[in-house]
Amino acid sequence: METIEKSVEVLNDLIEINNDRIAGFEHAGKDLGGGDADLKAIFDKFRSDSRKNVKELTAAVNQIGGDVETGHSASGTIHRAWLDVKATFTGHDRKSILAECERGEDAIKKAYKDALTPENGLTMEVDRIVARQQEGIISAHDQIKFLRDRQA
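Worth saying up front: this structure is predicted, and the values here are computed from it rather than measured. (Residues numbered from 1 in each chain as written. Predicted model: local features only at pLDDT ≥ 70, side-chain atom pairs only at ≥ 80, totals over all residues. Heavy atoms only, no water.)

### Comments concerning the packing of helix α2 (residues 37-63) against helix α4 (residues 94-115)
Phase 1: Running from amino to carboxyl end, α2 crosses α4 at an angle of 20 degrees, the nearest separation of the two axes being 13 Å. With respect to each other, α2 and α4 are oriented roughly parallel. Handedness of the crossing formed by α2 with α4: left-handed. Counted together, Asp38, Leu39, Phe43, Asn53 and Leu57 of α2 and Arg94, Ile97, Leu98, Cys101 and Tyr112 of α4 form the full contact between these two elements.
Phase 2: Residues belonging to the contact of α2 with α4 are distributed by class as follows: 7 nonpolar, 1 polar and 2 charged. (Axes fitted to C-alpha atoms, helices over the stretch in contact; angles between N-to-C directions. Helix = DSSP H or I, 4+ residues; strand = E, 2+ residues; numbered from the N terminus. Parallel < 35°, antiparallel > 145°, perpendicular 65-115°, else oblique. Left-handed = near helix turned anticlockwise from the far one by under 90°. Contact = heavy atoms within 4.5 Å. Nonpolar A, V, L, I, M, F, W, Y, C, P; charged D, E, K, R; others polar.)

### Some remarks on the pattern of salt bridges
Phase 1: Under the defined criterion, the tally for this structure stands at 13 salt bridges.
Phase 2: Of the charged contacts in the structure, one is a salt bridge between Glu102 and Arg148, with a shortest N-O distance of 2.1 Å. Residue Glu102 is located in helix α4, and its partner Arg148 is located in helix α5 (residues 124-150); the two are separated by 46 residues in the primary sequence. Arg148 shares its class with Glu102; the two are buried.
Phase 3: Each of Glu26, Lys30, Asp44 and Arg47 takes part in one network of salt bridges that share partners. (Salt bridge = Lys/Arg side-chain N within 4 Å of Asp/Glu carboxyl O. Buried < 20%, exposed > 50% of the residue type's maximum accessible area, 1.4 Å probe, protein only.)

### Details of the side chain of Ser50
Phase 1: Structurally, the position occupied by Ser50 is in helix α2.
Phase 2: Of the residues examined, Ser50 reaches a relative accessible area of 0% and is grouped as buried.
Phase 3: In terms of polar contacts, Ser50 uses its side chain to reach the side chain of Asn18, at 2.8 Å.
Phase 4: Look past the residues within four positions of Ser50 in its chain and what remains in contact with it is Asn18, Arg21 and Ile22. (Polar contact = N/O pair within 3.5 Å; in protein donor to acceptor, adjacent residues only side chain to side chain.)

### Details of the packing of aromatic side chains
A ring pair, where both rings are aromatic, is described by two values, the distance of the centres and the angle of the planes.
Phase 1: All chains considered together, the criterion is met by 2 aromatic pairs.
Phase 2: Relative to Phe43, the ring of Phe25 has its centre 5.0 Å away and its plane inclined at 45 degrees; by these criteria the two rings are tilted. You can see Phe25 sitting in helix α1 (residues 2-31) and its partner Phe43 sitting in helix α2, a full 18 residues away along the chain.
Phase 3: Three or more aromatic residues joined by ring pairs make a cluster, and in this case those are Phe25, Phe43 and Phe46. (Phe/Tyr/Trp six-rings, centres within 6.5 Å; stacked < 30°, edge-to-face > 60°.)

### Some remarks on the nonpolar core
Phase 1: The biggest cluster of nonpolar side chains holds 17 residues, and the ones touching the most others in it are Leu11, Leu14, Leu57, Tyr112, Leu122, Val126 and Val130.
Phase 2: Mapped by element, the contributors of at least two residues to this core are α1, α2, α4 and α5.
Phase 3: Considering each element in turn, this core owes the most residues, 6 residues, to α1.
Phase 4: Leu122 has contacts with Ser7, Val10, Leu11, Ala115, Asp127 and Val130, leaving out every residue within four places of it along the chain.
Phase 5: Ile42, Ile97, Leu98 and Cys101 belong to the second-largest nonpolar core, a separate cluster that totals 13 residues. (Core = buried A, V, L, I, M, F, W, Y, C linked by side-chain atoms within 4.5 Å.)

As structure tokens, this is what we get:
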């Protein structure tokens, strides 16, 4: 029973941080200017990826008999608030927005790494889902970092 509760907690944490990611990229997209269609498209894709992650994680929680969390994490709320403050001072420039998005991607990358530790008791099937999602998260992080590094 304890292993199931731990697995549900871990999966719910991933659901919450994916919800944060959706909200963060939504907010970041609104801060972009008219000449930033390329970033808006990337942010749309990442939001879509996180929605898919949430659906898969929700199904996994339901399958093991747990209750699904639907909100955002406390750290995600802080992250979005910090993005609001930073935007006030930076004028919504690409590099600052990308740097803040990378900070958010660092957080979700860590959450996935932590989720895949053996003591979390994920079943082999759920572990495969989380590991596959982690690959997408790492790829997205690297893309955001690359784009940020290209800014003058």
